[in-house]
Amino acid sequence: MILVTGAAGFIGSHLVDRLLADGHEVLGLDDFDPFYPAETKRENLRDASKHPRFRLIDADLCEPETWTDLAEILESRCRCIVHLAAKAGVRPSLADPIGYHATNLTGTLRLLEFARHHGNPHVVLASSSSVYGVNSRVPWREDDHDLQPISPYASSKLAMEQAARVYASAYGQRIVALRFFTVYGPRQRPDLAIAKFARRMRAGLPIPVFGDGSTRRDYTFVDDIVDGIVRAMRYDASPFEVINLGNHRTVSLREMIDTLADVFGIDPILEELPPQTGDVPQTWADVTRASRLLGWKPKTDFASGIRAYKSWLDTCREQGAKAPSELVP
């Protein structure tokens, strides 16, 4: 059995679908944090919830009772844990640094303790490109130790990585920490830029452009991320690794808006605003290690990914369902 935390989220639900399609038995854990509406997360698992090899537990990973209950359910049958649950978002973390560290670090420590005492299953952790911060040496490599996180979210993810390194060394656990680079695609969280911009464009509302539009992101399609996770689940050549999963290409804010406008066929209204605290000028992944260790390379170019996202939005509308991006102002 495979345990997936954050199973009802954007990436988690895609991973659950992939694992079920591959024939695995999956136990999902999610506390349906009100960061965005719970109904959108439940919609993410609409198909999985009907599957005989899937079970969902609604529980908080920071609570000790959660892990007691999981131990009884799993009965040492868990062979891998994929830990995607977290408090997400750079900007919201500036208002709640303690909460972010409590969930992202303490929650991870509870998970690692559980794994240590219940068969030592392989663990795959979701980290973030935000740990690199304002490092100007791009593309970013995992062996560059000049990490400069500039938000509580980023520092909580870096602390999580360091805790995992200690557990691998001290207790013989096998752990892979994956640094995700700006994931996008169907089911994307409604607070993220692509979802927010698409929603506002369709509604005829202005798009907030912070700064001069030159900031750049390494956008990575969700199916490519899921493929990297699955490959990391099979990795056993070393006890601990940190691996970038990115598209190895940067897209400027202006280019992102232009691509959305072209795919959606809408002329955007732009609202120019000052740069925001916590934003980094660029993210850019070196994926050499992912290629070497996992045999992984991104397959989806940005425009194709945006077309897939639009197609999903259109399907939601045709079926009379609201996509997550349409449930938040």
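Residues numbered from 1 in each chain as written. Predicted model: local features only at pLDDT ≥ 70, side-chain atom pairs only at ≥ 80, totals over all residues. Heavy atoms only, no water.

S.K.: A description of the overall build of the chain should follow, citing residues and the corresponding values.
M.R.: Within the chain, the secondary structure is distributed over 11 helices and 13 strands. The C-alpha atoms of the chain give a radius of gyration of 19 Å, which matches the 20 Å a tight globule of 329 residues would have. Projected onto its principal axes, the C-alpha coordinates of the chain cover approximately 55 × 45 × 40 Å. Looking at the chain residue by residue over its 329 residues, the buried ones come to 53%. Contacts in the chain between residues far apart in sequence, at least 24 positions, make up 82% of those at least 6 positions apart. When the accessible surface of the chain is summed, it comes to about 13900 Å², and 50% of that surface belongs to carbon and sulfur atoms. Taking the 39 positively charged and 43 negatively charged side chains of the chain as two groups, their mean positions are separated by 3 Å. (Helix = DSSP H or I, 4+ residues; strand = E, 2+ residues; numbered from the N terminus. Rg over C-alpha atoms; globule rule 2.2 N^0.38 Å. Buried < 20%, exposed > 50% of the residue type's maximum accessible area, 1.4 Å probe, protein only. Contact = heavy atoms within 4.5 Å. Areas by Shrake-Rupley, 256 points an atom, 1.4 Å probe, with all protein chains shown as cover. Lys, Arg positive; Asp, Glu negative; His and termini not counted. Charge placed at Lys NZ, Arg CZ, Asp CG, Glu CD.)

S.K.: Account for the side chain of Thr-250, with residues named and values stated.
M.R.: Structurally, Thr-250 is set in the loop between strand 11 (240–245) and strand 12 (251–252). A distance of 2.8 Å separates polar atoms of two side chains, one belonging to Thr-250 and the other to Arg-216. Ignoring sequence-local partners within four residues, the contact set of Thr-250 consists of Arg-216, Arg-217, Asp-218, Glu-255, Thr-283 and Trp-284. (Polar contact = N/O pair within 3.5 Å; in protein donor to acceptor, adjacent residues only side chain to side chain.)

S.K.: How would you sum up the nonpolar core? Please name residues and give values.
M.R.: Generally speaking, a soluble globular protein has its nonpolar side chains buried in company with each other. By size, the foremost hydrophobic cluster in this structure holds 44 residues, and its most contacted members are Phe-180 and Ile-229. When contributions to this core are tallied by element, the ones reaching two or more residues are strand 1 (2–5), helix 1 (10–21), strand 4 (80–83), strand 5 (122–128), strand 6 (175–180), helix 8 (222–233), strand 11 and helix 10 (288–294). In terms of residues, this core owes the most to one element, helix 8, which gives seven residues. Sequence-distant contacts of Phe-180, that is, excluding residues within four places in its chain, are made with Ile-11, Leu-84, Ala-126, Ser-127, Ser-128, Ser-129, Ile-225, Ile-229 and Leu-245. Ranked by size, the runner-up nonpolar core spans 29 residues in total, among them Leu-3, Leu-61, Ala-115 and Ala-164. (Core = buried A, V, L, I, M, F, W, Y, C linked by side-chain atoms within 4.5 Å.)

S.K.: Hey, could you go over helix 9 (residues 253–264) for me, with residue numbers and the actual values?
M.R.: With 12 residues, helix 9 extends 16 Å between its outermost C-alpha atoms, agreeing within 8% with the 16 Å of an ideal straight helix rising 1.5 Å per residue. Along helix 9, the residues that are buried comprise Leu-253, Met-256, Ile-257, Thr-259, Leu-260, Ala-261, Val-263 and Phe-264. The inward-facing, buried residues of helix 9 contact helix 7 (193–202), strand 8 (207–210), strand 12, strand 13 (270–273) and helix 11 (302–318). (Expected span 1.5 Å × (residues − 1).)

S.K.: I'd love a proper account of the packing of helix 9 against helix 11, names of residues and values included.
M.R.: The geometry of helix 9 relative to helix 11 is characterised by a closest axis approach of 10 Å and an angle of 50 degrees between their N-to-C directions. With respect to helix 11, the element helix 9 is oriented oblique. Handedness of the crossing formed by helix 9 with helix 11: right-handed. On helix 11, the residues that touch Met-256, Thr-259, Leu-260, Val-263 and Phe-264 of helix 9 are Phe-302, Ala-303, Ile-306, Arg-307, Tyr-309, Lys-310 and Leu-313. (Axes fitted to C-alpha atoms, helices over the stretch in contact; angles between N-to-C directions. Parallel < 35°, antiparallel > 145°, perpendicular 65-115°, else oblique. Left-handed = near helix turned anticlockwise from the far one by under 90°.)

S.K.: Talk me through the confidence of the model for the chain; I want residue IDs and the actual numbers.
M.R.: Averaged over all residues, the pLDDT of the chain equals 93, while 97% of them reach at least 70. Scored below 50 in pLDDT, residues 325–329 shows 16 contacts in the model against residues more than four places distant or in partner chains. (pLDDT = per-residue confidence, 0-100.)

S.K.: Account for the sheet that holds strand 3 (residues 54–58), with residues named and values stated.
M.R.: The strands that make up a sheet pair up through hydrogen bonds in the backbone, lying either parallel or antiparallel. The sheet built from seven strands is open, its strands ordered 3-2-1-4-5-6-11 with parallel pairing. Looking along the sheet, the strands with just one partner apiece sit at the ends: strand 3 and strand 11. Looking at each pair of strands side by side, their axes are set apart by 20 degrees on average, direction ignored. With five bridges joining them, strand 2 (residues 26–30) and strand 3 adopt parallel strand pairing. Paired with Leu-27 across the bridge in strand 3 is Arg-55. With respect to the sheet, helix 6 (residues 152–171) is in contact with strand 5, strand 6 and strand 11, its orientation differing from that of strand 5 by roughly 155 degrees. Each of strand 1, strand 4, strand 5, strand 6 and strand 11 is contacted by helix 8, which is oriented at about 165 degrees to strand 6, the strand it contacts most. (Pairing = 2+ DSSP bridges.)

S.K.: Outline unusual backbone geometry, listing residues and values.
M.R.: Omega for the peptide link from Val-138 to Pro-139 comes to -5 degrees, which places this bond in the cis form. On the secondary structure map, Pro-139 appears in the loop between strand 5 and helix 6. The backbone of Phe-32 shows a phi angle near 50 degrees, a positive value even though the residue is not glycine. Within the fold, Phe-32 resides in the loop between strand 2 and helix 2 (38–44). With phi around 75 degrees, Arg-187 is a residue other than glycine that occupies positive phi space.

S.K.: Hey, could you go over the pairing of strand 11 for me, with residue numbers and the actual values?
M.R.: Counting buried positions over the six residues of strand 11 gives six, a clear majority of the element. Taking every second residue as pointing to the same face, both faces of strand 11 are buried, with Phe-240, Val-242 and Asn-244 on one and Glu-241, Ile-243 and Leu-245 on the other. Note: strand 6 against strand 11, six bridges, orientation parallel. Across the sheet, residue Val-176 finds its bridge partner in strand 11, namely Glu-241.

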